[in-house]
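Here is what each chain is made of, one letter per residue.
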Amino acid sequence: MVEFSLLVTALMFGGTVLYAFGFAAFVFTALPADTASPLIRRAFPHFYLFVLGTSALAAAAAFFFDPLSATILGAIALTTVYARQILMPAINRATDEGAKSRFKKLHGFSVVITLVHIAAAGYVIVKIAGQA
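A brief look at the structure comes next. (Residues numbered from 1 in each chain as written. Predicted model: local features only at pLDDT ≥ 70, side-chain atom pairs only at ≥ 80, totals over all residues. Heavy atoms only, no water.)

## Overview of the packing of aromatic side chains
- For the structure shown, the criterion picks out eight aromatic pairs.
- Taking the centre distance of 4.3 Å and the plane angle of 15 degrees together, the rings of Y19 and F47 count as stacked. Of this pair, Y19 sits in helix α1 (residues 2-30) while F47 sits in helix α2 (residues 33-62), and the two are 28 residues apart along the sequence. You'll find Y19 and F47 in the same group, each marked buried.
- Where Y82 meets F109, the ring centres are 6.3 Å apart and the plane angle is 70 degrees; that geometry is what we call edge-to-face. Within this pair, whereas Y82 is found in helix α3 (residues 67-96), its partner F109 is found in helix α4 (residues 100-129), the two being separated by 27 residues in sequence.
- Assessed through its relative accessible area of 33%, Y82 is described here as partly exposed.
- Since its relative accessible area comes to 40%, F109 is described here as partly exposed.
- Through a chain of ring-to-ring contacts, the aromatic side chains of Y19, F23, F44, F47 and Y48 assemble into a single cluster. (Phe/Tyr/Trp six-rings, centres within 6.5 Å; stacked < 30°, edge-to-face > 60°. Helix = DSSP H or I, 4+ residues; strand = E, 2+ residues; numbered from the N terminus. Buried < 20%, exposed > 50% of the residue type's maximum accessible area, 1.4 Å probe, protein only.)

In structure tokens, the structure reads:
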């Protein structure tokens, strides 16, 4: 279970870093804004499902040997539900309404959540790796 939880957490960590710093940035530099924005909007629900699924699975596996790591991974899963179901639609509404200030604030909050997820997953990886 230790190795499985470690691998799934590492998958979530790597996927999140790649999406946040690779894919999203690439799309906005490679495509015009009127094409990039709808593409990113369609991709984010899938990204959040990936983070939700991997963090929940890793939490369930870690539950058997490391309650703290399981709690951290569970918190990532729960905050991902919030980001996907509440925050993302609010960001989309702000974009659709042309509310640039509200968009910047909400988007900034989503970035903070993602950075916290990355840091938390990194912590869990190091913690679990010491047990493997």
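## A look at the side chain of T114
- Relative to the elements of secondary structure, T114 occurs in helix α4.
- What makes T114 buried here is its relative accessible area of 11%.
- Apart from the residues within four sequence positions on either side, T114 is in contact with T16 and A20. (Contact = heavy atoms within 4.5 Å.)

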